[in-house]
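Structure assessment
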Amino acid sequence: MNTRRQFLAATAGGFCAFVAQASTRTTSRYAELEARIARRDLKNLFKEDLPTPCMVVDLETFEKNLNTMADHCRKAGLQLRGHVKVHKSPEIARRQAALGSIGVTCATVAECELMVNAGIKGVLLTRQPTSKNNIGRTVALARRESTFGTVVDDPLAAEWLQEAAASEGVTVRTVVDVYAGLTRHGIEPGGPAIELAKKVDSSKNLKLIGLMGYSGGASHTRGWNERKKKSQNDLAGLLESVAMARAAGLPVSIVTGGSTGTYNIDSESKSLTELQAGSFVFMDTLYRQIGGKQEPTVYSDFGLALTVMTTVISQRHPHQVTIDAGNKALLRPTDEVKGCPEVRVENQGAEYGILVLKDSDKDFKLGERLELYPSNLDMSTNVYDRYYVARGEQIVDVWPIMGRSGAAHR
Ligand SMILES: Cc1ncc(COP(=O)(O)O)c(C=O)c1O
């Protein structure tokens, strides 16, 4: 396989020579890369050795993000049960647990299964199970892992869960999901939420552990003060419901919610006992635009740690180059090139992208490697099998991305 030194020697002797040499070894290089990853032999593996498009994690920025959130939670007296839908990686969940998080939140039963199978404790399913398939798997998870739990936002779903749990002789830890400004889920706060909490509490095979309220609308509200106002409005019904439930003697040991955008808002208002923030581990360009408490235009509390690496594959027209990252590699054409925010990224087909250099003094070269920031993490990580983890140019780890849409177990 070509080492960094060989690559440099080849490029010094002429780039074409390197390309010709590499192309005759393509199959063996691929097989060798896979074999090395399988035996975790990453010595002298560099970003330039990777196939593109691929996902690269900047380890230094990623670790800083994890530490920033862990420190914040510690100081604020909050727990972290970070959402995995953005990364789908048990490796990341383990690193967060090592820094003190109490578990993870998951959008799908498949994500929960992956996390529980990987030995992650405190897994909470944040989307109530309603199909026979999902209810059965939820009960199976509760049988397997006593710290696992799910939400419900409907009395009927609670009945179905109770029935399935009773027939298996299992108790399922259950959280009542209360509407918090996002019409996709959550029972109305106040009376209906309390009725549901009582129903769960009196169901023999369900154990009420608390209430959830996820204000997805607040998370991406631009401007810290506007976001604060929105989050407080959205969570008011949840807090009222928590007070009512406690007054009624119901066991509310957790109040869970929050996001990357509101992590330092929800902790100020002391409304939640735990945060479900997920995107902060990598960040994306849409989140960058919402503005922070200190910097009104850039949300810089967390750094951009994830990129899609791509290669320039054609350069036949002025002010533009073609890259090998198209619709299959990127979610949106607004994605930014790392280090060149003025360059426009356009999708031109399944496997082609265009970088428009009109107002830039940049001039990319054929074969050059560039990195693009995803504008949305959830959708972008969903189309890759693995993260190549880099410290500088060196690849130091490879983490699988699991439970993606289309995977057989979904
Ligand atoms: C229920 C729930 N909680 C928490 C989050 C995490 O939000 P973020 O990734 O913005 O931190 C999400 C994300 O969509 C979510 O759906």
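The rules behind each value
Residues numbered from 1 in each chain as written. Predicted model: local features only at pLDDT ≥ 70, side-chain atom pairs only at ≥ 80, totals over all residues. Heavy atoms only, no water. Helix = DSSP H or I, 4+ residues; strand = E, 2+ residues; numbered from the N terminus. Rg over C-alpha atoms; globule rule 2.2 N^0.38 Å. Buried < 20%, exposed > 50% of the residue type's maximum accessible area, 1.4 Å probe, protein only. Contact = heavy atoms within 4.5 Å. Near = heavy atom within 4 Å. Polar contact = N/O pair within 3.5 Å; in protein donor to acceptor, adjacent residues only side chain to side chain. Areas by Shrake-Rupley, 256 points an atom, 1.4 Å probe, with all protein chains shown as cover. Nonpolar A, V, L, I, M, F, W, Y, C, P; charged D, E, K, R; others polar. Axes fitted to C-alpha atoms, helices over the stretch in contact; angles between N-to-C directions. Parallel < 35°, antiparallel > 145°, perpendicular 65-115°, else oblique. Left-handed = near helix turned anticlockwise from the far one by under 90°. Expected span 1.5 Å × (residues − 1). Bend = angle between axes of the 7 residues up to and from the residue. Core = buried A, V, L, I, M, F, W, Y, C linked by side-chain atoms within 4.5 Å. Pairing = 2+ DSSP bridges.

Attention shifts here to the overall build of the protein chain. Each helix and strand in the protein chain was counted, giving 14 helices and 17 strands. Its C-alpha atoms give the protein chain a radius of gyration of 24 Å, within 12% of the compact-globule value 22 Å for 410 residues. In terms of its C-alpha atoms, the protein chain occupies a principal-axis envelope of roughly 80 × 45 × 35 Å. The burial tally for the protein chain puts 54% of its 410 residues in the buried class. Long-range contacts, defined as pairs at least 24 residues apart, comprise 65% of the intrachain contacts of the protein chain with a sequence gap of at least 6.

Glycine aside, the phi torsion of most residues is negative, and most peptide linkages are trans. Omega for the peptide link from Thr52 to Pro53 comes to 0°, which places this bond in the cis form. Mapped onto the elements of the fold, Pro53 is located in the loop between helix 3 (26-38) and strand 1 (54-58). With a phi close to 55°, Arg40 is a non-glycine residue in the positive phi region. Mapped onto the secondary structure, Arg40 falls in the loop between helix 3 and strand 1. We note that Lys88 has phi near 50°; this positive angle belongs to a residue other than glycine. Along the chain, Lys88 turns up in the loop between strand 2 (79-83) and helix 5 (90-98).

This part takes up the site of the ligand. Near the ligand, the surroundings consist of 14 residues, among which Lys85, Thr260, Gln276, Ser279 and Tyr287 are the closest. One nitrogen or oxygen atom from the side chain of Thr260 is found 2.7 Å from an oxygen atom belonging to the ligand. Ser279 places a polar side-chain atom, nitrogen or oxygen, 2.6 Å from an oxygen atom of the ligand. Protein chains shield 94% of the accessible area of the ligand, which is 390 Å² for the free molecule. For the shell around the ligand, the class distribution of residues is four nonpolar, eight polar and two charged.

The next subject is the packing of helix 7 (residues 132-144) against helix 8 (residues 155-168). Direction vectors running N to C along helix 7 and helix 8 enclose 50°, while the axes themselves pass 10 Å from each other. In terms of their interaxial angle, helix 7 and helix 8 are classed as oblique. In terms of crossing hand, the pair formed by helix 7 and helix 8 is right-handed. Taking contact as the criterion, the partners of Ile135, Thr138, Val139 and Arg143 in helix 7 are, on helix 8, Trp160, Leu161, Ala164, Ala165 and Glu168. Of the residues assigned to the contact of helix 7 with helix 8, the class counts are six nonpolar, one polar and two charged.

Turning our eyes to something else, we now look at helix 11 (residues 224-247). Its 24 residues place the ends of helix 11 33 Å apart at the C-alpha level, agreeing with the 34 Å of an ideal helix rising 1.5 Å per residue. The sharpest bend along helix 11 comes to roughly 40°, located at Ala236. All buried positions along helix 11 are accounted for by Trp224, Arg227, Ser231, Asp234, Leu235, Gly237, Leu238, Ser241, Val242 and Ala245. Turning to helix 11, the residues buried within the fold contact helix 9 (191-202), strand 7 (206-213), helix 10 (216-219), strand 8 (254-257) and helix 12 (263-266). A positive backbone phi angle near 80° is found at Gly249, which sits one or two residues after helix 11.

The next thing to look at is the nonpolar core. Looking at soluble globular proteins, one finds that nonpolar side chains tend to be buried together. Among the nonpolar cores identified, the biggest contains 92 residues, and Phe62, Phe282 and Leu355 are the most heavily contacted of them. Beyond its immediate stretch of four places on either side in the chain, Leu355 contacts His319, Gln320, Val321, Ile323, Val337, Val343, Arg344, Val345, Phe364, Leu370 and Leu372. Ranked by size, the runner-up nonpolar core spans twelve residues in total, among them Leu33, Val56, Tyr388 and Ile395.

Turning next to helix 9. Two residues of an α-helix separated by three or four positions point the same way, owing to the 3.6 residues in each turn. End to end, helix 9 covers 16 Å across twelve residues, agreeing with the expected 16 Å (1.5 Å per residue, within 8%). The elements touched by buried residues of helix 9 are strand 5 (149-152), helix 8, strand 6 (172-177), strand 7 and helix 11.

Here we take up the pairing of strand 14 (residues 353-356). With burial as the criterion, each face of strand 14 is covered, one bearing Gly353 and Leu355 and the other bearing Ile354 and Val356. In the sheet, strand 11 (residues 320-323) pairs with strand 14 via four bridges, with the strands oriented antiparallel. For Val321, the partnering residue across the bridge sits in strand 14 and is Leu355. With four bridges joining them, strand 13 (residues 344-347) and strand 14 adopt antiparallel strand pairing. Bridging across to strand 14, Glu346 finds its partner in Ile354.

The quantities given are spatial measurements derived from coordinates; they are silent on function.
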